[in-house]
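# Chain and residue survey
The chain contents come next:
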Amino acid sequence: MRFTNTPLCADPAVDPEIFFPISEIDPREVEQTEKAKAICRSCRAQEECLEKALDGGPFTAFGVWGALTEQERRNLKRRRARSAA
Ligand code: SF4
């Protein structure tokens, strides 16, 4: 995915695997998810990333994008759809 601002997850010092916890609810994975979200919250591309992830795409079905998990993005899409109706 290309962004206007350089994404933090493109930094070679950041392990990209951190953005793909195996489970959102497994307590062992919660810490990983929170670390990924913290990186996203400091990322200048966060808003753009989240909107692109909400639009869908081959790489955005899973993982943390724009500081939201898969389930959180689904919930946000539902809320937006309801408020637009
Ligand atoms: S907000 Fe998106 S672009 Fe930024 S670090 Fe998170 S996943 Fe990467």
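Below is a summary of the structure that appears in this document. On a predicted model such as this, the values are computed, not experimentally measured, just so you know. (Residues numbered from 1 in each chain as written. Predicted model: local features only at pLDDT ≥ 70, side-chain atom pairs only at ≥ 80, totals over all residues. Heavy atoms only, no water.)

## Notes on the overall build of the protein
Each helix and strand in the protein was counted, giving 3 helices and 0 strands. Walking the protein from its N terminus toward its C terminus, one meets helices and strands in the order α-α-α. Against the globule reference of 12 Å for 85 residues, the protein gives a C-alpha radius of gyration of 13 Å, in line with a compact fold. Dimensions of the protein, computed from the C-alpha atoms along their principal axes, are close to 45 × 35 × 25 Å. Considering the protein as a whole, with its 85 residues, one finds that 34% of them fall into the buried category. Of all intrachain contacts in the protein linking residues separated by at least 6 positions in sequence, the fraction that spans at least 24 positions is 47%. If you sum the accessible surface of the protein, you get close to 5,900 Å²; carbon and sulfur atoms cover 55% of it. Both charge centroids of the protein, one from 14 positive and one from 14 negative side chains, sit 6 Å from each other. (Helix = DSSP H or I, 4+ residues; strand = E, 2+ residues; numbered from the N terminus. Rg over C-alpha atoms; globule rule 2.2 N^0.38 Å. Buried < 20%, exposed > 50% of the residue type's maximum accessible area, 1.4 Å probe, protein only. Contact = heavy atoms within 4.5 Å. Areas by Shrake-Rupley, 256 points an atom, 1.4 Å probe, with all protein chains shown as cover. Lys, Arg positive; Asp, Glu negative; His and termini not counted. Charge placed at Lys NZ, Arg CZ, Asp CG, Glu CD.)

## Points about the site of the ligand
With respect to spatial proximity, the complete set of residues near the ligand consists of Phe3, Pro7, Cys9, Phe19, Cys40, Cys43, Gln46, Cys49, Val64 and Gly66. Taken atom by atom, the bulk of the ligand overlaps the largest pocket. Residues that form the shell around the ligand fall into these classes: 8 nonpolar, 2 polar and no charged. (Near = heavy atom within 4 Å. 1 Å grid on protein atoms, 1.4 Å probe; cavity = no way out; pocket = protein on both sides within 12 Å on 5 of 7 lines; lining within 4 Å. Sits in = over half its atoms within 2 Å of the grid points. Nonpolar A, V, L, I, M, F, W, Y, C, P; charged D, E, K, R; others polar.)

## Points about the pattern of salt bridges
Scanning the entire structure with this criterion turns up 6 salt bridges. The residue Lys52 makes a salt bridge to Glu48 at a minimum N-O spacing of 3.5 Å. Linking Lys52 with Glu48, this pair stays in helix α2 (residues 46–55), spanning 4 residues, or about one helical turn. Using a relative accessible area of 29% as the deciding quantity, one classes Lys52 as partly exposed. (Salt bridge = Lys/Arg side-chain N within 4 Å of Asp/Glu carboxyl O.)

## Remarks on the nonpolar core
Formed by Val14, Ile18, Phe19, Ala36, Cys40, Val64 and Ala67, the largest nonpolar core amounts to 7 residues. Leave out the neighbours within four places in its chain, and Val64 touches Phe19, Pro21, Thr33, Ala36, Lys37, Cys40, Thr69 and Arg73. Of all hydrophobic cores here, the second largest spans 6 residues; its members include Phe3, Cys43, Cys49 and Ala53. (Core = buried A, V, L, I, M, F, W, Y, C linked by side-chain atoms within 4.5 Å.)

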